[in-house]
Amino acid sequence: MGSLIFLALLVVVVGWLIGAYNGLVSLKNQTLNAFKQIDVQLKRRHDLIPNLVNAVKGAMDFEKSTLEAVIQARNQAVKVNAAGPEAIKQISQAENALSSALSRLMVVVEQYPQLKATANIGQLQEELTSTENKVSFARQLYNDTATQYNTKQQQFPTTLVAGMARAQAADLWAIEDQAERAVPQVDLSMKPKA
Amino acid sequence: MTDETSLNLFQQQEANRRRTFWLVVGFVAFFAWLGFGGDYIYHLYTLQAPRQAYHHDFPWFGIALSLVALATAWYAYKTGPDKVLWSTGAREVIDPTDAKEKQLVNVVEEMAIAAGVPRPRIWIVDDPDPNAFATGTDPLHSHIAVTQGLLDICTRDELQGVIGHELGHVKNLDVRLAAGAGGAGRARGAGGAARAAGTGRAARFCWSCSWCGSSPGSSPRSSPSCSRWA
């Protein structure tokens, strides 16, 4: 009788071990996959930018510095991305710099209605908007998956298996640009403007 | 019953899986009941018949009807989404030509990334009424359809809200339940008495699960025509 209970306990413990181990491995791979998804979208963005720059270059001779900032940020991002997931901090820094350079360019484009009216620019703008959204949604998905993975490895009792499954905490994407983190000033006093 | 809104995603998926299962079981059980009931009545009827006359001893009706019901349920489940799309006259967007279609494809791709599901196939229904629906059996075989009217009046942000909502149905497996219910309801023609029960239920399921539209992501300055039917 005693040995039967012991055997049943052993089966339960081993079953749980296998389940927890496999669960961690599956989450780890999901996290890696989510990271690759960001890569796919970033690559798309890098490929799109030269087209955009070419399309607006002729009409925007006087905004050279804005264009050059975009090209530079793009080249930097491409370079850093080649380093792979280990360089996640640098990648996110470079991509954030590219994001702000692009949004400055878009603001400039808005100021030239005749430029915006060109079908080609409208199309490129749509593609760029979509790509920006895809990048941020892919990051969101990565952060969600990585958080799930991190939580699982830290929680008891799964944490006992974490070492065996060689689980390591995954870094999350974060805002590096301090300007983006700043709280926007909102005036709700409803005072009529002078 | 638990309040639907208090369930998380996995509980909702589980609930929809369970409901689909019981719907199919109930559908087959009903046909089995009709068939075996008929067998039993015929058996009693022929019990007193003369020796050489026919005696209904083997439940042919029940077995045949149960098999028919199983086949129907399977067929409806497999082809339900195609039938739904066919009945609305939707056309698939494969190679988007104009700007609005391209935008729709982009928005669906974005929301699929956000939801972490494969991109569903995209359809446009040539209807001026703004509406959208999702159908399919699981996230790998799913479809999202919007009407031309929706494309015409919605801004990009509003469209994103609608598509996000529809993808929620895909991820929650609402579409599977709707496919099962729609299939069971459509197959009701085979059994007379099933008609009343089947129609109401399936129609209600289809209405509440498939057809809907809302724009939670829309800006406060959104066009009133797009928010009205939310």
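These figures come from a predicted structure and were not determined experimentally.

When pLDDT is averaged along chain A, the result is 80, and 84% of the positions lie at 70 or above. Summarising per-element confidence for chain A, the mean pLDDT is lowest in helix 7 (residues 178–181) of chain A (58) and highest in helix 1 (residues 2–57) of chain A (87).

What follows deals with the environment of Val109(A). Mapped onto the fold, Val109(A) is located in helix 3 (residues 88–110). Judged by its relative accessible area of 2%, Val109(A) falls in the buried class.

By a widespread convention, an interface's size corresponds to the accessible area lost as its parts come together. Taken together, the contacts link 11 residues of chain A with 11 residues of chain B. When chain A packs against chain B, the two sides together hide about 960 Å² of surface, and 54% of this comes from carbon and sulfur. For the chain A face of the interface with chain B, the top three residues by lost area are Glu126(A), Lys134(A) and Phe137(A), together amounting to 50%. Our count for the contact surface shared by chain A and chain B stands at three salt bridges. The residue Glu109(B) makes a salt bridge to Lys134(A) at a minimum N-O spacing of 2.5 Å. Taken together, the elements giving at least two residues each to the side of chain A that touches chain B come down to helix 1 and helix 5 (119–154) of chain A. Ranked by residues supplied to the side of chain A that touches chain B, first place goes to helix 5 of chain A with nine residues. A per-class count over the side of chain A that touches chain B returns three nonpolar, four polar and four charged.

Our next topic: the packing of helix 1 of chain A against helix 2 (residues 64–81) of chain A. Each pair of packed helices gets described by two things: the angle between the helix axes and the distance between those axes. All names here are of chain A. Here helix 1 crosses helix 2 at 155°, and the two axes come no closer than 10 Å. One way to sum up the angle between helix 1 and helix 2 is to call them roughly antiparallel. At the point where helix 1 passes helix 2, the crossing takes the left-handed sense. Note on element contacts: helix 2 touches helix 1 through Leu 67, Val 70, Ile 71, Arg 74, Ala 77, Val 78 and Asn 81, opposite Asp 39, Leu 42, His 46, Ile 49, Pro 50, Val 53, Val 56 and Lys 57. When the residues that make up the contact of helix 1 with helix 2 are grouped by side-chain class, the tally is 10 nonpolar, two polar and three charged.

Before going further, it helps to spend a moment on the environment of Asn33(A). Structurally, the position occupied by Asn33(A) is in helix 1. Considering only alpha carbons, one finds Asn33(A) and Thr145(A), 112 residues apart in sequence, at a separation of 9.5 Å.

Cut-offs applied
- Residues numbered from 1 in each chain as written.
- Chains lettered and ligands numbered in written order.
- Predicted model: local features only at pLDDT ≥ 70, side-chain atom pairs only at ≥ 80, totals over all residues.
- Heavy atoms only, no water.
- pLDDT = per-residue confidence, 0-100.
- Helix = DSSP H or I, 4+ residues; strand = E, 2+ residues; numbered from the N terminus.
- Buried < 20%, exposed > 50% of the residue type's maximum accessible area, 1.4 Å probe, protein only.
- Contact = heavy atoms within 4.5 Å.
- Buried area = accessible area lost by both parts, 1.4 Å probe.
- Salt bridge = Lys/Arg side-chain N within 4 Å of Asp/Glu carboxyl O.
- Nonpolar A, V, L, I, M, F, W, Y, C, P; charged D, E, K, R; others polar.
- Axes fitted to C-alpha atoms, helices over the stretch in contact; angles between N-to-C directions.
- Parallel < 35°, antiparallel > 145°, perpendicular 65-115°, else oblique.
- Left-handed = near helix turned anticlockwise from the far one by under 90°.

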